[in-house]
Amino acid sequence: DVKVTQSSRYLVKRTGEKVFLECVQDMDHENMFWYRQDPGLGLRLIYFSYDVKMKEKGDIPEGYSVSREKKERFSLILESASTNQTSMYLCASSFGSGVEGSYEQYFGPGTRLTVT
Amino acid sequence: AQTVTQSQPEMSVQEAETVTLSCTYDTSENNYYLFWYKQPPSRQMILVIRQEAYKQQNATENRFSVNFQKAAKSFSLKISDSQLGDTAMYFCAFMKHVNTGKLIFGQGTTLQVKP
């Protein structure tokens, strides 16, 4: 079974702190994604990566950055956390194009981040 | 830009009955993919069913089926013989090209199956 893990289920940080959210997948997937989930807004894409050291902005990249130094690991960084970044953060991964089943994204359990 | 709309924030159904969740989307593309994802209270999101826009036949996965109306840009999910384990938040999602793998999600519908 595909496994996508996230470093923390719950996280509480103070305004202005630098926050790292880690995601690891064990299926050798090329694509990795970071979303934030807010009530009434669904999931919104923050950043995605289709290869090591490659990244592209999603729909709401402001205030975030990412790092992908290894294929299996994709990190989301909040440079200076703010209260409006309090949210559920979901990581996902998928195969690259041309692979059977590449359409399916596999999700991690999520990290509930609270910024106070 | 593509958008996905789920107009039912919450729904409930009695166990063993049938329920339909609605989804509409907006796109100028002709080839794309549509999905329903399920997020149970434990939060791990899983794929329920997918539909390729070029296929006229509606997708079916066991008790889950879709009604895909391409001209109307409508993609509803029907759950037959509802079970308590179907209680979850359901998201409709659109993918423009498999190449990018990027999904656009709707707002979600919380479904409660009552015993």
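Our subject is the structure listed above.
Residues numbered from 1 in each chain as written. Chains lettered and ligands numbered in written order. Predicted model: local features only at pLDDT ≥ 70, side-chain atom pairs only at ≥ 80, totals over all residues. Heavy atoms only, no water.

Caption draft 1: Summary view of the interface of chain A and chain B. Every contact between the two is made by 23 residues of chain A and, on the other side, 21 residues of chain B. When the buried area of chain A at its contact with chain B is split by residue, Leu43(A), Tyr103(A) and Phe107(A) rank highest and sum to 31% of it. Taken together, chain A and chain B are joined by three residue pairs in polar contact (both at pLDDT 80 or more). When residues of the side of chain A that touches chain B are traced back to their parent elements, those giving at least two are β4 (31–38), β5 (42–51) and β9 (87–94) of chain A. (Contact = heavy atoms within 4.5 Å. Buried area = accessible area lost by both parts, 1.4 Å probe. Polar contact = N/O pair within 3.5 Å; in protein donor to acceptor, adjacent residues only side chain to side chain. Helix = DSSP H or I, 4+ residues; strand = E, 2+ residues; numbered from the N terminus.)

Caption draft 2: Geometry of the pattern of salt bridges. Taken as a whole and judged by the stated rule, the model has twelve salt bridges over all chains. Taken together, the shared-partner salt bridges in this structure form one network comprising Asp28(A), Glu30(A) and Lys71(A). (Salt bridge = Lys/Arg side-chain N within 4 Å of Asp/Glu carboxyl O.)

Caption draft 3: Just the nonpolar core, in detail. Grouped together as the largest cluster of nonpolar side chains are 25 residues, with contacts concentrated most on Tyr25(B), Trp36(B), Phe75(B), Leu77(B) and Tyr90(B). At the level of elements, β3 (19–21), β5 (33–39), β6 (46–52), β8 (64–69), β9 (74–79), β10 (88–95) and β12 (109–114) of chain B are the ones that each hand at least two residues to this core. Of all the elements, β10(B) adds the most residues to this core, at four residues. Cys23(A), Val66(A), Leu78(A) and Cys91(A) belong to the second largest nonpolar core, which has 20 residues in total. (Core = buried A, V, L, I, M, F, W, Y, C linked by side-chain atoms within 4.5 Å. Buried < 20%, exposed > 50% of the residue type's maximum accessible area, 1.4 Å probe, protein only.)

Caption draft 4: The state of the cysteines, seen in detail. On inspection of all chains with the given rule, the structure shows two disulfides over all chains. Here Cys23(A) engages in a disulfide with Cys91(A); their sulfurs sit 1.8 Å apart. Residues Cys23(A) and Cys91(A) share a disulfide whose torsion about the S-S bond is about -75 degrees; that sign makes it left-handed. Of this pair, Cys23(A) sits in strand β3 (residues 19–25) while Cys91(A) sits in strand β9; the two residues are 68 residues apart in sequence, bridging distant segments of the chain. A sulfur-sulfur distance of 2.0 Å marks the disulfide that ties Cys23(B) to Cys92(B). Handedness here is read from the sign of the S-S torsion; for Cys23(B) and Cys92(B), about -70 degrees, the answer is left-handed. Note that Cys23(B) is positioned in the loop between β3 and β4 (24–26) and Cys92(B) in strand β10, a separation of 69 residues in sequence. The exposure classification of Cys23(B) matches that of Cys92(B), with both residues buried. (Disulfide = S-S within 2.5 Å.)

Caption draft 5: Representation of unusual backbone geometry. The residue Asp28(A) is not glycine, and still its phi comes out positive at about 60 degrees. Summarising the element assignment, Asp28(A) is placed in the loop between β3 and β4. Although it is not a glycine, Asn62(B) adopts a positive phi angle of roughly 55 degrees. Mapped onto the secondary structure, Asn62(B) falls in the loop between β7 (60–61) and β8.

Caption draft 6: Up close: the sheet that holds strand β8 (residues 73–78) of chain A. Residue and element names in this part refer to chain A. Taken in spatial order, the four strands line up as β1-β3-β8-β7 in an open sheet, and their pairing is antiparallel. Every interior strand has two partners, whereas the edge strands, β1 (4–6) and β7 (64–70), have only one. Recorded for the sheet is a direction-independent mean angle of 20 degrees between the axes of neighbouring strands. The sheet contact formed by β1 and β3 spans three bridges and is antiparallel. Along β3, the bridge assignment pairs Val4 with Gln25. (Pairing = 2+ DSSP bridges. Axes fitted to C-alpha atoms, helices over the stretch in contact; angles between N-to-C directions.)

Honestly, that's just the spatial picture; any functional story needs more than this.
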